[in-house]
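The lines below spell out each chain.
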Amino acid sequence: RNEGFLNYARLKGIDPLVIDCEVQPGEASCAKTHEQLLIHLKKHGPDFTGCFTMSDYSALGVISAIKEYGLRVPEDISVIGDGGVAGSVHYSPSLTTVAHDLHGMARAIADGALELAAGGRFGIRVVPSRLIERKSVQKYQPVTGESE
């Protein structure tokens, strides 16, 4: 997922800053992300205006680190999580997140396995995710002219 996101951003002309919070399997991603992002902010300042995390739980750590540093979400830094966790609506601010169709993924895998068993090919399967827009992202304001 991470490489896919980075490749897509680069295709769109964006060179993302990657802040590796070094979260390991079994660790509390919220706490580790908070700790590592706060270290980054203290060392480099706010050198980004938006943040995409690899989980909604990590996003909670990002939001708390941004607030502890004295900045606001989304006014200073927008945050998007990944996972579509239902409880993320109760974060403050409520979290914009990418939700994945797990049932659709399971169906695609099962259909592919059945096709393989029947002598066919699995092929490429696409199961779209969806963006759930909430309040952790600043609305885009296009520049309409020169400032006075």
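Because the structure is predicted, anything quoted here is derived from the model rather than measured. The numbering scheme is per chain: residues are counted from 1 as the chain's sequence reads. It should be noted that, the model being predicted, local features are given only for residues of pLDDT at least 70 and side-chain atom pairs only at 80 or more, the latter also being counted only at that level, while totals for whole chains, interfaces and linings use all residues. Each side-chain value is worked out from all heavy atoms of the structure, with water and hydrogens disregarded.

Caption draft 1: The arrangement of the layout of surface pockets in detail. Only protein atoms enter the 1 Å grid used here. Points where a 1.4 Å probe fits but cannot escape make up a cavity, open sets with protein on both sides within 12 Å along at least five of seven lines make up a pocket, and a residue lines them when an atom lies within 4 Å of a point. Grid points are joined across faces, edges and corners, and a volume is the space filled by probe spheres set on the points. Roughly 910 Å³ of volume is contained in the largest pocket. Lining the largest pocket we find 31 residues, and of these F5, L17, C51, F52 and T53 sit closest to its centre. Secondary structure counts use DSSP, requiring at least four H or I residues in a row for a helix and at least two E residues in a row for a strand, with both numbered from the N terminus. Here the element with the most residues in the lining of the largest pocket is helix α1 (residues 2-11); it accounts for five residues. Considering only enclosed or pocket space, the second largest pocket measures out at about 280 Å³ in volume. Considering the residues around the second largest pocket, the lining is formed by R1, G4, F5, Y8, F52, M54, I80, D82, V98, H100 and L131. Sorting the residues of the lining of the second largest pocket by element identifies α1 and β2 (78-82) as the ones contributing at least two each. No other element matches the three residues that α1 contributes to the lining of the second largest pocket. Polarity classes work like this: nonpolar for Ala, Val, Leu, Ile, Met, Phe, Trp, Tyr, Cys and Pro, charged for Asp, Glu, Lys and Arg, and polar for all others, with Gly in that last group. When its residues are assigned to classes, the lining of the second largest pocket shows seven nonpolar, two polar and two charged.

Caption draft 2: Local environment of the sheet that holds strand β4 (residues 130-132). Read from one edge to the other, the open sheet built from four strands follows the order β1-β2-β3-β4, with strand pairing classed as mixed. Across the chains shown, the open sheet's two edge strands, defined by having one partner strand only, are β1 (50-52) and β4. Direction aside, neighbouring strands of the sheet carry axes that sit 20 degrees apart on average. Any two strands with at least two DSSP bridges between them are considered paired. Pairing analysis gives three bridges linking β2 to strand β3 (residues 96-99), with the strands arranged parallel. From the neighbouring strand, D82 faces β3, where its bridge partner is V98. Contacts are residue-level and defined by heavy atoms, with any inter-residue pair within 4.5 Å sufficient. Axis definition: a line fit to C-alpha positions, over the contact stretch in the case of helices; interaxial angles, taken between N-to-C directions, run 0 to 180 degrees. Sheet contacts for helix α3 (residues 56-69): β1, β2 and β3; angle to β2, the most-contacted strand, approximately 160 degrees.

Caption draft 3: How the structure looks around the environment of H103. In this fold, H103 is placed in helix α4 (residues 102-117). Sequence separation of H103 and V127 is 24 residues, and the distance between their C-alpha atoms is 9.6 Å.

Caption draft 4: Focus on the nonpolar core. In this description, a nonpolar core means a group of buried Ala, Val, Leu, Ile, Met, Phe, Trp, Tyr and Cys residues linked to one another through side-chain atoms lying within 4.5 Å. A simple rule labels every residue: compare its accessible area, found with a 1.4 Å probe on the protein chains alone, to the largest value its type can have, and call it buried under 20%, exposed over 50%, or partly exposed in between. Counting residues in hydrophobic clusters, the biggest one holds 16 residues, and the most contacted among them are L37, F48, V62, I66, V79 and L95. Elements with a minimum of two residues in this core: α2 (29-44) and α3. No other element matches α3, which puts five residues into this core. Beyond its immediate chain neighbours, meaning those up to four positions away, L37 contacts I19, C21, F48, V62, A65 and I66.

Caption draft 5: Structural detail: the packing of aromatic side chains. By convention, a stacked pair of Phe, Tyr or Trp rings (six-membered ring in the case of Trp) has centres within 6.5 Å and planes under 30 degrees apart, an edge-to-face pair has planes over 60 apart, and any other such pair is tilted. Scanning the model with the defined rule gives one aromatic pair in all. Both rings, one in F5 and one in F52, keep their centres 4.4 Å apart while their planes meet at 25 degrees; by these two values the pair is stacked. Taken together, the positions of F5 in helix α1 and F52 in strand β1 put the pair 47 residues apart, joining distant regions of the chain. Classification of F5 by relative accessible area gives partly exposed; the value is 34%. Note on criteria: charge over ring means Lys NZ or Arg CZ within 6 Å of the ring centre, with the direction from the centre no more than 35 degrees off the ring normal. Between R125 and the ring centre of F122, over which it is positioned, the NZ or CZ distance is 5.0 Å.

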